[in-house]
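# Working through the structure, step by step
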Amino acid sequence: MWDERYGSPEWAYGTAPNVYFRDKLSPMVPGKILFPAEGEGRNAAFAASRGWTVEAFDISVEGKNKADRLAADIGRRITYVVADAAEVLYRPASIDVIVFCYTHFPTAVRATLFPKLAEALRPGGYVILECFGKRQIAYQTSYGSGGPKDVDFLFDLEEIRNLFPNYEIVELLEGEVALAEGKYHQGQAWVCRFFARKPL
C-alpha cells in the first residue's frame, strides 16, 4: 500500500516539513536525529538542511527513493533504511532527537516499538510527536483530512504519557488544526502533540 502511494509522481504529504516539528526543531543545536516511519522524507530533508545528522527508516522502498531525491536536491545526505519497524535497531543513547510524525501503529505494536526506539535517545534528548488523535475518525467523515480508519491506530494523551514515562513534558495537548500537507493531509483535523525531554 505504501509503495503504491509513494510511487506516484506527486508527493503524498508534500515536500515541506510538518509545522509543529519545524517549529520545535528550529531553535535546537544540530545533532543526530531519528525519524521512524519517515515516508517520503519531507521532515528528514528539512533536518538535514539545518545541519542535523539524519537517521530514518520506513517499510517503503518508494518512500526512501523520494527521500533520497529530496536530500539530493538540497545537497545533503540522509541515512535511510528500508526495514520493518520490528527489525530496526539503534545504539542506546546515540540519538539527540526522535520525531514521531504521523507514526501510526496499533497500540500493541506501539507499546513495544516506541520504548525500544526511546532507548536510542540519549538522556536529556527530546521527543517531538504529532499524530492523529482518536477523534480524527469523525474528522475523516466531515473533512476527509486523512489518517487511519481504525481507532486502535490513533492516540490519546494518556497513551502518550504511558509510552514515555517520567519524561519532562514541555508540551502535551490535543486539538483541532488545519492541515495543508500534500494530497492526503488536507483540511480540519484532530491531532495530539507532544514535546518532552528524556530524564537525565
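Whatever comes next refers back to the structure up there.
Residues numbered from 1 in each chain as written. Predicted model: local features only at pLDDT ≥ 70, side-chain atom pairs only at ≥ 80, totals over all residues. Heavy atoms only, no water.

With that out of the way, let us pick up the overall build of the protein chain. Counting its secondary structure elements, the protein chain contains 7 helices and 7 strands. The C-alpha atoms of the protein chain give a radius of gyration of 16 Å, which matches the 16 Å a tight globule of 200 residues would have. Structurally, the protein chain occupies a C-alpha span of about 40 × 40 × 30 Å along its principal axes. A total of 200 residues make up the protein chain; the buried ones form 50% of that total. Nonlocal contacts in the protein chain, meaning residues at least 24 apart in sequence, comprise 69% of its contacts between residues at least 6 apart. Of the roughly 9,300 Å² of accessible surface on the protein chain, 52% is carried by carbon and sulfur atoms. Side-chain charges in the protein chain split into 23 positive and 26 negative, and the spacing between the mean points of these groups amounts to 5 Å. (Helix = DSSP H or I, 4+ residues; strand = E, 2+ residues; numbered from the N terminus. Rg over C-alpha atoms; globule rule 2.2 N^0.38 Å. Buried < 20%, exposed > 50% of the residue type's maximum accessible area, 1.4 Å probe, protein only. Contact = heavy atoms within 4.5 Å. Areas by Shrake-Rupley, 256 points an atom, 1.4 Å probe, with all protein chains shown as cover. Lys, Arg positive; Asp, Glu negative; His and termini not counted. Charge placed at Lys NZ, Arg CZ, Asp CG, Glu CD.)

Here we take up the pattern of salt bridges. Applying the stated criterion to the full structure yields 12 salt bridges. Measuring nitrogen to oxygen at the nearest pair gives 3.0 Å for the salt bridge that ties Asp-23 to Arg-22. Taking the relative accessible area as the measure of exposure, Asp-23 reaches 42% and is therefore partly exposed. Overall, Arg-22 belongs to the partly exposed group, its relative accessible area being 33%. Across the salt bridge formed by Lys-66 and Glu-40, the nearest N and O atoms sit 2.9 Å from each other. Taken together, the residues span a long stretch of sequence, with Lys-66 in helix H4 (residues 61-73) and Glu-40 in the loop between strand E1 (32-35) and helix H3 (42-49) at a distance of 26 residues. The network of salt bridges with common partners includes Arg-110, Lys-134 and Glu-159. (Salt bridge = Lys/Arg side-chain N within 4 Å of Asp/Glu carboxyl O.)

This brings us to the pairing of strand E5 (residues 121-132). Burial runs high along E5: 9 of the 12 residues are buried. Handedness of the crossover joining strand E4 (residues 95-101) and E5 through helix H5 (residues 107-118): right-handed. Sheet topology note: the E5/strand E7 (residues 185-197) ladder contains 7 bridges and is antiparallel. Bridge pairing in E7 links Val-127 to Ala-196. (Right-handed = clockwise from strand over helix to strand, strands pointing away. Pairing = 2+ DSSP bridges.)

This brings us to the state of the cysteines. The tally for this structure, following the rule as stated, stands at 0 disulfides. As a non-bridged cysteine, Cys-101 has Cys-131 as the owner of its nearest cysteine sulfur, 7.0 Å distant. The class of Cys-101 is buried, set by a relative accessible area of 11%. Residue classification places Cys-131 among the buried residues on the basis of a relative accessible area of 0%. (Disulfide = S-S within 2.5 Å.)

Another aspect to go through is the sheet that holds strand E6 (residues 168-181). Strand order in the open sheet formed by 7 strands is E3-E2-E1-E4-E5-E7-E6, with mixed pairing between adjacent strands. Looking along the sheet, the strands with just one partner apiece sit at the ends: strand E3 (79-82) and E6. Averaged over all adjacent pairs, the angle separating strand axes in this sheet is 15 degrees, with direction ignored. Examined bridge by bridge, E6 and E7 share 13 bridges and lie antiparallel to one another. Within the sheet, the bridge partner assigned to Glu-176 lies in E7 and is Trp-190. Against the sheet, H3 makes contact with E1, strand E2 (53-58), E4 and E6, and its axis sits at roughly 170 degrees relative to E1, the strand it touches most. (Axes fitted to C-alpha atoms, helices over the stretch in contact; angles between N-to-C directions.)

So, about a nonpolar patch on the surface. A contiguous nonpolar patch, built from Met-1, Trp-2 and Ile-59 and spanning about 330 Å² of accessible area, is present on the exposed surface. By the secondary structure assignment, Met-1 is in the segment before helix H1 (2-6). (Patch = residues over 30% accessible without salt bridge, like charges linked within 9 Å, V, L, I, M, F, W, Y side chains within 5 Å.)

Notably, Ala-93 is not glycine yet its phi reads approximately 55 degrees, a positive angle. With respect to the helices, strands and loops of the structure, Ala-93 is situated in the loop between E3 and E4. Phi at Asn-166 is positive, roughly 70 degrees, even though this residue is not glycine. The topology assignment puts Asn-166 in the loop between helix H7 (157-163) and E6. Among the residues examined, Asn-166 registers a relative accessible area of 70% and is labelled exposed.

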